[in-house]
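This is what each chain is made of:
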Amino acid sequence: MKFTLSWLNQFVSTQGFTAAQIADRLTMLGLEVDSVHDLFAELAPITTARVTEVSKHPDADKLTVCTVDTGEETVQIVCGAPNVRPGMVTALAKPGVKLPDGTKIKKSKVRGVASAGMLCSARELGINNDHGGIMDLDDSLAAGLPLIDALTMRDTVIEVDLTPNRPDCASVRGIAREVAGFAGGPLQPLVPSVTPLTGKDVDYSVEIENPDLCPRYTARKLTNVRIAPSPLWMQQRLSAVGMRPINNIVDITNYVMLECGQPLHAFDFDTLIGRKIVVRTPRTDEQEMVTLDGNKRQLDAEMLLICDGERPVAMAGVMGGLDTEITENTTTILIESACFNPVSIRRTARRLGLPSESSYRFERGVDPDLADKALERAVDLLVQYASAQPDASGVDVYPGKTEPLRLQLRLERVCRLLGMPLSLDQVAGYLQSIEFVVKTVDEATLDVLVPSFRIDIEREVDLVEEVARLVGYNSIPTSQPFIRMDYPERDPLRTLRQQIANHLVSQGFSEAINYSFVNESHLELCRLTETDPRRQLTRLLNPLSEDQAVMRSMLLPGLLENIRRNINFQRSDIRLFEIGKVFLQQQEGMLPVERLYLCAVLSGQRYPQAEPLYFSGQQADFFDIKGVATNLMQILRVDEGEPGAMFQFQPEALQPYCDAHNGVLLSPQQTPIGSLGAVHADTLKGFGIRQPVYFLEIDLEQLLVVRRRAKQFSSLPKYPSVKRDISLVVPESFPSGDLLHAIRRQPQKYLESAEIFDVYRGKPIEAGHKSVALALTYRSATATLDDQTVDKIHQKIVNSLMADFNARYREGSEV
């Protein structure tokens, strides 16, 4: 967005501020200034001069020899302009001056006649495109004045890079509004008053078929229009901001657009068929139209058009049509000032490849309440510079009118967010300076009516940002941030998850991450009963596919799918785990309960990465997954409570997808937190898996509440240990682990550890029995134990085992 300081001063006084200061303040307001440069600085050497005498060139019919008063001396210049005359004041480029196009003026002879300079046209000086003759200036001007001073062309151009959320600043008056916020001067209105557009006594009509795409359309007819060049001051301002002057009608519409941000368009009224305007999308038989640049444009069903009674006459918000173009013969025009849907205009401009100043503004959002004011401004200028006679009224169709946004602004929040004290009057003054309507609710609250041109203001905090901009970011006090030096409390569940993941990875497991959206058939494959709460599923309203129609209520099916896929790719040795949420629907219409679970699976060889020479054929079994669980509980220091209470063999309580003979519950301190075992053969068959799979499931939120052992330090033992082995034959009905639990329950202070190192079945052990070999370690922390003391304790343990388990010594064993 470009503007000049003189244009800006038309709406707000910048007295007391230099161009550099204004640029700096605008940047601090969030309107980044890209450049600041003096306008027509290259014309500084050009001066005014008076032609005192004119005679014909002796050797050229179209050239004249002029005697010119430069203000300092009289010189002779050869000129080819047809409009040169005695007494004329014009622009002079003296020898040594370089013109804007790079031409350097020198003393020379033209057809044998000396010429000391050049009398210039407006185009040669880059002022406008007029090349009909040399510049004809006011005869009252003195010779020798700098041209830019004589024509009051000394000015400064500032270019601002706007962000997409500030379309209100895509105009000179929009920038002036921001300047008024810090300069403190009053902001001048665009027009003193607006003519009511009642639609009465007009001979044309306006119809909007798509109100969503065109919330407002205003129009006014003017007759007896005289097509001519626009005034010099207007041409200079348009040229200064990069727009080419064309004629008074086109220039006025462009000028008003740059001035207030409302694009306008003028139709030759006599070319409008049916004397009507219809805003609509193309009919099925309307495939193309010719725009002002003479090109045929292909139409699609989504493009918004301005049409007359039969055909499209303009691409709404982008470019007008050739059929209704303003020409030299135009005498009656219809001026359009409308508001269009930003998305529709952006789509049309992109598809046609027609970016323009008009579409730039419509794409970002034009204030619909500005349409009638911009129309009034354009009519005033047309009356003044085109001798037009406007109709007494016009048409205003406004189907998209909305109530302005009203927000409550609390003074306490403003001061807290900015970190500085402000009074209610100060805050109100800042907002009122940029045309917000503010009323006091009480001593701590303001009622703020957001103007329609501020589409970026939606919440109270946006108003606080406006106050911050106007106060000045440099004025907001700085302070050191408050940083607590204590260690922040961590989420215990997150910490537990990290501990488990790190440990399982160290044990050779790989972490899997599966979708939470699963196939409902998994529940059948896992043999869940109809009353199982995991069958109460959370269904997706718009699933990606039938295989992802419900939220998962368990993790195991996803890992079984992973195993099947790995086996299909000939990777049969698998160790996987997943830590993720399951979703348990408890009430219809309510959000599900989310719980964090761990599920680990293993299948294939016990040592998949080991050398086949030493470990060939050793397949993982139930004890491997039990070892994973035991080791995990030890790492997490979970207190099992009573000895032997960690694993409970309760076939009736096992999961339906667990083999009844190869599964246990994980119940430290008699608190069920999960289960482990072999996956049921029917479940494996349903998933297409032909090798055994063992699983471990733990409810991590339940694990979090069980008691853990505190970390304790113990020094290395000073005294030696004494070891004793024992081999007992016991009935098969007794689990081997029960012998260990029985030993650990005995109050023997010197017993350090007890372990099973062998379980044997077969000859010579009779059927229905097994041999269990145990290693017991004894140690005293205060003295060396003698054999007599150890034998006494050891025998007491053996007698207890024989009595409790109907055991006997294995033949050949030693105590």
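Draft legend 1. Geometry of the overall build of the protein chain. Along the protein chain, the regular secondary structure elements total 21 helices and 38 strands. In terms of overall dimensions, the protein chain is more spread out than a globule: its C-alpha atoms have a radius of gyration of 46 Å, far above the 28 Å expected for 815 residues. Principal-axis analysis of the C-alpha atoms gives the protein chain an extent of 145 × 65 × 65 Å. Here the protein chain, with 815 residues, has 48% of them falling under the buried criterion. Put simply, 69% of the contacts in the protein chain that link residues at least 6 apart link residues at least 24 apart. Only carbon and sulfur atoms are counted for the fraction: they give 49% of the accessible area of the protein chain, which is about 41,800 Å². Here the protein chain contributes 87 positive and 106 negative side-chain charges, whose respective centroids are spaced 5 Å apart.

Draft legend 2. Expanded view of the side chain of Arg552. Tracing the backbone shows Arg552 in the loop between strand 28 (550–551) and helix 15 (556–568). The class for Arg552 is buried, based on a relative accessible area of 6%. Those residues in contact with Arg552, other than ones at most four positions away along the chain, are Asn514, Tyr515, Ser516, Val518, Glu578, Gly580, Lys581, Val582 and Phe583.

Draft legend 3. How the structure looks around helix 7 (residues 342–352). The set of residues buried in helix 7 consists of Ser344, Ile345, Thr348, Ala349 and Leu352. Buried residues in helix 7, looked at end-on, bunch into an arc of 125°, giving them a common side. Buried residues along helix 7 sit in contact with strand 16 (296–298), strand 18 (312–315) and helix 8 (357–364). Of the residues that open helix 7, the one with a side-chain oxygen 3.0 Å from the backbone nitrogen of Val343 is Asn341. Looking one or two residues past helix 7, Gly353 carries a phi angle of roughly 65°, positive in sign.

Draft legend 4. Molecular detail of the pairing of strand 32 (residues 658–666). Here strand 31 (residues 647–648) runs beside strand 32; their pairing, made up of two bridges, is antiparallel. Of the residues in strand 32, the one forming a bridge with Phe647 is Leu666. Pairing between strand 32 and strand 33 (residues 674–679): five bridges, direction antiparallel. Within strand 33, the position partnered with Leu665 by the bridge is Ser675.

Draft legend 5. Geometry of the packing of aromatic side chains. Scanning the model with the defined rule gives nine aromatic pairs in all. Summarising the aromatic geometry, the rings of Phe17 and Phe182 are spaced 5.5 Å apart at their centres and angled 75° between planes, so their arrangement reads as edge-to-face. With Phe17 in the loop between helix 1 (5–8) and helix 2 (19–28) and Phe182 in helix 4 (residues 172–183), the pair connects residues that are 165 residues apart, well separated along the chain. The interplanar angle of 75° and the centroid separation of 6.0 Å between the aromatic rings of Tyr204 and Phe269 together place this pair among those described as edge-to-face. One end of the pair, Tyr204, is in the loop between helix 4 and strand 11 (205–208); the other, Phe269, is in the loop between strand 13 (264–268) and strand 14 (276–280), with 65 residues separating them in the sequence. For the pair formed by Tyr204 and Phe269, the shared burial category is buried.

Draft legend 6. How the structure looks around a nonpolar patch on the surface. On the surface, Tyr607, Leu613, Tyr614 and Phe615 cluster together into a nonpolar patch covering about 460 Å² of accessible area. Position of Tyr614 relative to the elements: it lies in helix 16 (residues 612–615). For Tyr614, a relative accessible area of 58% translates into the label exposed.

Draft legend 7. Quick look at the packing of helix 7 against helix 8. Where helix 7 meets helix 8, the closest approach of the two axes is 7 Å, and the angle between their N-to-C directions is 140°. Overall, the two elements helix 7 and helix 8 adopt an arrangement that is oblique. Where helix 7 crosses over helix 8, the two elements pack in a sense that is left-handed. Judged by residue contacts, Pro342, Ile345, Arg346, Ala349 and Arg350 of helix 7 engage Ser359, Phe362 and Glu363 from helix 8.

Draft legend 8. Geometry of the sheet that holds strand 6 (residues 89–93). The strand order across the open sheet built from five strands is 5-4-3-6-9, with neighbouring strands paired in antiparallel fashion. Across the chains shown, the open sheet's two edge strands, defined by having one partner strand only, are strand 5 (74–79) and strand 9 (118–120). Mean inter-strand twist for the sheet, computed between neighbouring axes without regard to direction, equals 50°. With three bridges connecting them, strand 6 and strand 9 associate as antiparallel partners. Bridge pairing in strand 9 places Ala91 opposite Cys120.

Draft legend 9. Spotlight on the sheet that holds strand 1 (residues 2–4). Sheet architecture is open: three strands sit in the order 1-10-2, paired in antiparallel fashion. Sheet topology places strand 1 and strand 2 (32–39) at the edges, where each strand pairs with a single neighbour. Strand-to-strand twist of the sheet, defined as the mean angle between neighbouring strand axes without regard to direction, takes the value 20°. Pairing between strand 1 and strand 10 (residues 155–161): three bridges, direction antiparallel. For Thr4, the partnering residue across the bridge sits in strand 10 and is Val157. Sitting on the sheet, helix 2 touches strand 1, strand 2 and strand 10, and the angle it makes with strand 2 is about 165°.

Draft legend 10. Spatial organisation of the environment of Pro643. Locating Pro643 in the fold gives a position in the loop between helix 17 (622–635) and strand 31. When its relative accessible area of 22% is taken as the criterion, Pro643 is described as partly exposed. For the pair Pro643 and Glu520, spaced 123 residues apart in sequence, the C-alpha separation works out to 41 Å. Those residues in contact with Pro643 that sit more than four places away from it in its chain are His741, Arg744 and Arg745.

Draft legend 11. Examining helix 2 more closely. The set of residues buried in helix 2 consists of Ala19, Ile22, Ala23 and Leu26. Considered in projection along helix 2, the buried side chains sweep an arc of 100° and stay on one side of the axis. Residues of helix 2 that are buried in the fold lie against strand 1, helix 1, strand 2, strand 10 and helix 4. Downstream of helix 2 by one or two residues, Gly30 has phi in the positive range, about 100°.

Draft legend 12. View of the environment of Arg810. Position of Arg810 relative to the elements: it lies in the segment after strand 38 (808–809). According to the relative accessible area criterion, Arg810 is partly exposed, its value standing at 24%. When residues no more than four places from it in sequence are discounted, the contact partners of Arg810 are Ser727, Leu728, Val729, Tyr760, Ile765 and Ser771. Within the structure, the side chain of Arg810 is placed 3.3 Å from the side chain of Ser771, a separation counted as a polar contact.

Draft legend 13. A look at the environment of Met590. Assignment of secondary structure puts Met590 in the loop between strand 29 (574–584) and strand 30 (593–603). The exposure class of Met590 is exposed, given its relative accessible area of 51%. A sequence separation of 52 residues divides Met590 from Thr538, and the C-alpha atoms of the two residues are 9.4 Å apart.

Draft legend 14. Structural view of the side chain of Arg237. Among the secondary structure elements, Arg237 is positioned in helix 5 (residues 232–240). Ignoring sequence-local partners within four residues, the contact set of Arg237 consists of Ser6, Trp7, Gln10 and Tyr255.

Draft legend 15. Spotlight on the pattern of salt bridges. On inspection of all chains with the given rule, the structure shows 51 salt bridges. Between Asp139 and Arg85 there is a salt bridge; the shortest N-O distance is 3.6 Å. Highlighted residues: Asp139 in the loop between strand 9 and helix 3 (147–150) and Arg85 in the loop between strand 5 and strand 6, separated in sequence by 54 residues. Among the residues examined, Asp139 registers a relative accessible area of 40% and is labelled partly exposed. Its salt-bridge partner being Arg220, residue Glu376 comes within 3.4 Å of it at the nearest N-O pair. Of the two residues, Glu376 is situated in helix 9 (residues 371–385) and Arg220 in strand 12 (residues 216–223); the sequence distance between them amounts to 156 residues. Classification of Arg220 by relative accessible area gives buried; the value is 5%. Residues participating in the shared-partner salt-bridge network are Arg166, Asp168, Glu178, Arg454, Asp456, Glu466 and Arg469.

Analysis parameters
- Residues numbered from 1 in each chain as written.
- Predicted model: local features only at pLDDT ≥ 70, side-chain atom pairs only at ≥ 80, totals over all residues.
- Heavy atoms only, no water.
- Helix = DSSP H or I, 4+ residues; strand = E, 2+ residues; numbered from the N terminus.
- Rg over C-alpha atoms; globule rule 2.2 N^0.38 Å.
- Buried < 20%, exposed > 50% of the residue type's maximum accessible area, 1.4 Å probe, protein only.
- Contact = heavy atoms within 4.5 Å.
- Areas by Shrake-Rupley, 256 points an atom, 1.4 Å probe, with all protein chains shown as cover.
- Lys, Arg positive; Asp, Glu negative; His and termini not counted.
- Charge placed at Lys NZ, Arg CZ, Asp CG, Glu CD.
- Arc of directions from axis to C-beta.
- Polar contact = N/O pair within 3.5 Å; in protein donor to acceptor, adjacent residues only side chain to side chain.
- Pairing = 2+ DSSP bridges.
- Phe/Tyr/Trp six-rings, centres within 6.5 Å; stacked < 30°, edge-to-face > 60°.
- Patch = residues over 30% accessible without salt bridge, like charges linked within 9 Å, V, L, I, M, F, W, Y side chains within 5 Å.
- Salt bridge = Lys/Arg side-chain N within 4 Å of Asp/Glu carboxyl O.
- Axes fitted to C-alpha atoms, helices over the stretch in contact; angles between N-to-C directions.
- Parallel < 35°, antiparallel > 145°, perpendicular 65-115°, else oblique.
- Left-handed = near helix turned anticlockwise from the far one by under 90°.

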